[in-house]
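Coordinate inspection notes
As a plain string of letters, each chain reads:
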Amino acid sequence: MMPISVWRRMLASVMCASMLTLVVAASSPQEAQQWVSLEPDVPSHNPVTSSWVRGVRPSPDLPMTLTVALRIDEDRRADLERTFFAVSAPANERYGAHLNRDEVTALLAVPEERVAAIAEHFKAAGAEEILPAPNRDMLTVSLSVAAAETALRTTIHTFSHKDRPDLQILRASHSYALPETIAKDVDMVGDLLQFPRLQVPLTSNLTGSGNWPNACSDSGCKGLVTPAVLTQRYKLPSKESTVAGSTNSMAVAEFQFQYFKDKDLSKFGKACHVDAVVDRVIGGNKPEAGIEAELDIEYIKAVAKSVPLTVVYNGDYSLLRWANQISSMSNPPYVHSVSYGNDEAQQTGANYMYTCNTAFLKAGVRGISILFASGDQGVCGREGCGFLKVRFKPDFPAASPYITAVGGTDFLGSSVGEETTWSGSGGGFSNTFEIPSYQQHAVAAYKSSPDAKLPPQAWWNNTGRGYPDVSALGGTKTPYCIASEGSFQGVAGTSASSPVVAGIFARLNGLRLAAGKSPMGFLNPFIYANPSAFQDVTTGKNGGGFRPKLGFNAVKGWDPATGWGTPDYEKLAKVVMEAVGSPKAKNDVSIVV
């Protein structure tokens, strides 16, 4: 974990750079003041290196939406972080004493005058709608392009992707600024300078090599991972007991036109004996088949059939917008699986990652578990490790100390049994965040293990947060069988691993709810306190499969290839039940176990 003092120094240096860039204007009363450039560490669009091509200026009347992240006072954010770890650590007397949305708002205590002053600036520029988040730390501003250019002293252009010319977004073509009087109270304006990386397509249309019975009725699933394989390997009870009126819940996040077809979900459910039903959609859906979305839905339901599922959809890959969505809910789902990410180096700007981490902290204090896929390019990430000068590229948000990162494995043999590291499983050590206290001993033990055979120190950051935390099947040797576009096919990636682990923890939440307890919330302190509840993976390496010298070795115990290994539901359930005592549920509460 990067201590708040380190973040404070980092952001202070960014703010100092901002203060050196003052724009003086006096063409109107509103502008008769100094303006301060925000996010000066974020480079403007570079046509040579960017995957996005700048197009024409849009119509001045074209609508756009901005997410404005307001400053939270340092002492308040420190209180948020302390509360986050207190309610998340099983050994802490405050474990499980989560806050509700209003209590988070009170803890942050963002002054209403601060919100009003910033809102008034955008209103004066011509904004049509300004919606403060319930926690008062973000504003969603709907305005025209012309109003945005006036409010932020910038120029908006359309940008299209080199690989998808039909995909267009609005972004600033150079830096942006705010009046000095309010600039100090704004951390950033999200998705104005940041360009989304299109999700790397999942490896699909794969054939299966598994030597086990096909429990699905369609021959297309032969040799592939199916719900029955997961049930056997992760020791899941074959039946789930429910009582009417369940309070348990889980969700998957979808971006970039990843929709789902009910017909595909029904086809999968009928063939593989899973009730793959979406109970709620936030953000809309279209009857189009997205392999990513349908994988997430089909396999989180494969392991947690009776837990109500919500799909949270955003057209752009905007972590801030997604985080604002779930934070604004009065009763958000307890567990969220997100199969999207990027390299830390591609998350341009310290303020961006800082603001995302604040959102993760807010989720944790409310008892929300967030799990991210660790990535599918091994230690090299989407940018690659380089050739003349090698440097590993950690993933974000997977390397954030405030979420649970899920890596990928393959079966070691051709039958259901021991697992090995999938070479493409993302993992390593953050270049941005320090080692959090909950994993200090685990990381130190790994580095001291002679079996680790650590790569040259110049290639990675020895003081960074290690990830992933846990893993599940996801490799290309034994892909998952999904129904998409009316047929069955094999797909692979940690995008499969994350919803599986999320579904297992959703079922564990059911045990706590059955005992009248709160959900588990941020999972890592529990995970690192109970390593024996996972099936250790001790072979393989996550170098990406192309350059054998790269990557980290899996060893006994935690490692930056597979974390603590893969879930053992029987052992996890035992640990959860020991923590809550007798699992007697109230008659009026529905529980999924």
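Quick summary incoming for the structure in this document. The structure displayed is predicted, hence computed values, not measured ones. (Residues numbered from 1 in each chain as written. Predicted model: local features only at pLDDT ≥ 70, side-chain atom pairs only at ≥ 80, totals over all residues. Heavy atoms only, no water.)

**Topic: the nonpolar core**
- Formed by 163 residues in total, the largest nonpolar core has its most connected members in L66, F122, Y299, W322, Y480 and L508.
- Counting residues per element, this core draws most heavily on helix 13 (residues 494–514), at nine residues.
- Excluding anything up to four places from it in sequence, Y480 contacts L224, V225, L230, L295, Y299, L473, G474, Q489, G490, V491, A496 and V500.
- F159, L167, I169 and F195 belong to the second largest nonpolar core, which has five residues in total. (Core = buried A, V, L, I, M, F, W, Y, C linked by side-chain atoms within 4.5 Å. Buried < 20%, exposed > 50% of the residue type's maximum accessible area, 1.4 Å probe, protein only. Helix = DSSP H or I, 4+ residues; strand = E, 2+ residues; numbered from the N terminus. Contact = heavy atoms within 4.5 Å.)

**Some words on the pairing of strand 7 (residues 156–161)**
- Of all six residues making up strand 7, six are buried, and the element is well covered by its neighbours.
- Burial of strand 7 is two-sided: the residues I156, T158 and S160 facing one way and the residues H157, F159 and H161 facing the other way are all buried.
- Relative to strand 7, strand 3 (residues 52–54) is paired through three bridges, and the arrangement is antiparallel. Bridging across to strand 7, V53 finds its partner in S160.
- For strand 7 and strand 8 (residues 168–172), the ladder comprises five bridges, and the chain directions are antiparallel. From the neighbouring strand, F159 faces strand 8, where its bridge partner is I169. (Pairing = 2+ DSSP bridges.)

**Remarks on unusual backbone geometry**
- Omega for the peptide link from F396 to P397 comes to 15°, which places this bond in the cis form.
- With respect to the secondary-structure elements, P397 resides in the loop between strand 18 (395–396) and strand 19 (404–411).
- One non-glycine residue, E39, lies in positive phi territory at about 50°.
- Structurally, the position occupied by E39 is in the loop between strand 2 (33–38) and strand 3.
- On the accessibility criterion, E39 (3% relative accessible area) is buried.

**Description of the side chain of S430**
- Looking at the secondary structure, you find S430 in strand 21 (residues 428–434).
- Residue S430 is classed as buried on the basis of its relative accessible area, which comes to 0%.
- A polar atom in the side chain of S430 sits 2.9 Å from the backbone nitrogen of T432.
- Of note is the side chain of S430, whose polar atom sits 2.8 Å from the backbone nitrogen of F433. (Polar contact = N/O pair within 3.5 Å; in protein donor to acceptor, adjacent residues only side chain to side chain.)

None of this, on its own, says anything about what the molecule does.
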